[in-house]
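If you want the building blocks of each chain, they are given just below.
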Amino acid sequence: MTGAVFAGIETGGSRIRARIAHAGGDALADAHWPTTTPDAALTNLVTFLAGAVPASGTLAAIGIAAFGPLVRDALSGDYGRVLNTPKPGWSGSNLRAALAGRFNVPVVVDTDVNAAACAEWRLGAGRGVRSLAYVTVGTGIGGGLVVQGRPLEGALHPEIGHIRVGRRERDRAPSVCPFHESCVEGLASGPAVTRRLGAGRALADDPAILELTAEYLGELAATLVLAWSPERIVWGGGVMSTPRLLERLRSALASTLAGYGVGEAAAAPDFCVSAALGDSGLEGALLMARASLPLNPKTGL
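Residues numbered from 1 in each chain as written. Predicted model: local features only at pLDDT ≥ 70, side-chain atom pairs only at ≥ 80, totals over all residues. Heavy atoms only, no water.

Focus on the packing of helix α3 (residues 112-123) against helix α8 (residues 280-291)
Angle between the axes and distance between the axes are the two parameters that describe a pair of packed helices.
Inference 1: At their nearest, the axes of α3 and α8 sit 7 Å apart, and the two run at 85 degrees to each other. Judged by the angle between their axes, α3 and α8 are roughly perpendicular. Where α3 abuts α8, its residues D112, A115, A116, C118, A119, E120, R122 and L123 lie against S280, G281, E283, G284, A285, L287 and M288.
Inference 2: For the contact of α3 with α8, the residue count by class is eight nonpolar, three polar and four charged. (Axes fitted to C-alpha atoms, helices over the stretch in contact; angles between N-to-C directions. Helix = DSSP H or I, 4+ residues; strand = E, 2+ residues; numbered from the N terminus. Parallel < 35°, antiparallel > 145°, perpendicular 65-115°, else oblique. Contact = heavy atoms within 4.5 Å. Nonpolar A, V, L, I, M, F, W, Y, C, P; charged D, E, K, R; others polar.)

What about the sheet that holds strand β8 (residues 150-151)?
Inference 1: Pairing is mixed across the open sheet formed by five strands, whose spatial order is β8-β7-β6-β9-β10. The open sheet has two edge strands with one neighbour each: β8 and β10 (272-274).
Inference 2: Examined bridge by bridge, strand β9 (residues 232-236) and β10 share three bridges and lie parallel to one another. Across the sheet, residue W235 finds its bridge partner in β10, namely S274. (Pairing = 2+ DSSP bridges.)

Examining the pattern of salt bridges
Inference 1: A complete count under the given rule lists 18 salt bridges for this structure.
Inference 2: Ionic pairing is found between E283 and R19, a salt bridge with its closest N-O pair at 3.6 Å. With E283 in helix α8 and R19 in strand β2 (residues 15-22), this pair connects stretches of sequence that are 264 residues apart.
Inference 3: For E283, a relative accessible area of 21% translates into the label partly exposed.
Inference 4: Judged by its relative accessible area of 9%, R19 falls in the buried class.
Inference 5: Linking R167 and D171 is a salt bridge whose minimum nitrogen-to-oxygen distance equals 3.5 Å.
Inference 6: Bridged by salt links that share partners, the residues R17, R19, D30, D279 and E283 form one connected network. (Salt bridge = Lys/Arg side-chain N within 4 Å of Asp/Glu carboxyl O. Buried < 20%, exposed > 50% of the residue type's maximum accessible area, 1.4 Å probe, protein only.)

Points about the sheet that holds strand β1 (residues 3-11)
Inference 1: Sheet architecture is open: five strands sit in the order β3-β2-β1-β4-β5, paired in mixed fashion. Of all the strands in the sheet, the pair left with one neighbour each is β3 (27-34) and β5 (107-111). With direction set aside, neighbouring strand axes in the sheet form an average angle of 15 degrees.
Inference 2: Sheet topology places β1 next to β2; seven bridges connect them, and they run antiparallel. Bridging across to β2, G8 finds its partner in R19.
Inference 3: Taken strand by strand, helix α1 (residues 38-52) contacts β1, β2, β3 and β4 (57-66), and its axis lies near 20 degrees from that of β2.
Inference 4: α8 rests against β1, β2, β3, β4 and β5 of the sheet, and its axis sits at about 135 degrees to β1.

The values are spatial; any link to function lies outside them.
Right, here's the structure in full:
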């Protein structure tokens, strides 16, 4: 192999993943580590990137799909800095800047959900629609909106996991979010589900907790329909792999909208769908890395 290779990095609440791929998209090397501290992440990534790039290749750019909140404005002096977050030790860190200081290549960053949304729109479950919302339900809850391949631009980025939902009267469990008592992340994320279930139990085995989780996520979906009006919502993350959860979420969405006129898209059977890509965030990070360089007019890459 000769020529440029690209690195994609996804920082998640539980683990950090990295991939080296050539310009055509084929993966050359993969690695992952538990999410611990920013310093440990930097050490692991530098070691991996320095050792995994083939001798016949050149690292051309790095894309990072990062958990937020973070500064995603490339013109800001704080580009890539993580803002106040529930993840211990990460507030104020800037993995993008640290990697840019180690490698003399473009290092670009966006939220993990924006990156995943772009990847699903281009390569996965969002092909054929103009607008796509991507929601991940895992260690946290986050979402991104893509219109014609471009993520929503704003003062920062959406933080939909911290939208307030109506706590059900039967729900007495405390929120797992240290900032909000009734946000959807605090009530329906992976840690919230685990707290309700207790050790050693699966969400699929408890119909009552599954239904409660679906109700909160259906309310979130209704909020996205009313605020963003996407043509499709793609759902990813570990919690969403639970059998019947997506089905019950669709029912909760319809119940929450209660017949209000939001157009035909939200009633379509393929409006709420599972992610099609196994590595949406990583694929999005690699797309960002490739897009940071001008296209080769001969190859289109």
